[in-house]
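Single-letter residue listing:
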Amino acid sequence: MNLGFGEIAIILFVALLFFGPSKLPELGKAAGATLKEFKKAVSGIMEDEDPQSKEENKNN
């Protein structure tokens, strides 16, 4: 899914109309914090699975 400049501009314009200019920075900050937590959780899960898969490969 590739978004070009036009698609991003339309999304931002609709968000500006829907939420207003005062709420957009707050929404951006919340979205960034959510993405950061999601990446942290995914990397934690990946680290938890690595030792198990290494042990399984040694046993085979």
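Each chain has its residues counted from 1, following the order in which its sequence is written. Under the rules for a predicted model, residues below a pLDDT of 70 receive no local features and side-chain atom pairs below 80 are neither given nor counted, while totals for whole chains, interfaces and linings still include all residues. Where side-chain values are given, they derive from all heavy atoms of the structure, hydrogens and water being excluded.

Before going further, it helps to examine the overall build of the chain. Per the secondary structure count, the chain includes two helices and zero strands. Taking all 60 residues of the chain together, the buried fraction comes to 3%. Residue-level accessible areas treat just the shown protein chains as cover; the underlying method is Shrake-Rupley with a 1.4 Å probe. When the accessible surface of the chain is summed, it comes to about 5,700 Å², and 65% of that surface belongs to carbon and sulfur atoms. Secondary structure is summarised from DSSP: a helix means a run of H or I of at least four residues, a strand means a run of E of at least two, and numbering begins at the N terminus for each. Each residue is assigned to one of three classes by its accessible area relative to the maximum for its type, calculated with a 1.4 Å probe on protein chains only: buried under 20%, partly exposed between the two thresholds, exposed over 50%.

Take a nonpolar patch on the surface next. On the surface, Leu3, Ile8, Ile11 and Leu12 cluster together into a nonpolar patch covering about 370 Å² of accessible area. Mapped onto the elements of the fold, Ile11 is located in helix H1 (residues 5-19). Only residues whose relative accessible area exceeds 30% and that take part in no salt bridge are eligible for patches, with like-charged residues grouped when within 9 Å of each other and nonpolar side chains (Val, Leu, Ile, Met, Phe, Trp, Tyr) grouped when within 5 Å. Here, a salt bridge means any side-chain nitrogen of Lys or Arg that lies within 4 Å of a carboxyl oxygen of Asp or Glu.

On to H1. Expected helix span is computed as 1.5 Å times (number of residues minus one). In a regular helix each residue adds 1.5 Å, so 15 residues correspond to 21 Å; H1 covers 21 Å between its end C-alpha atoms and thus fits that length. Among the residues trailing H1, Gly20 stands out with phi positive, at a value near 90 degrees.

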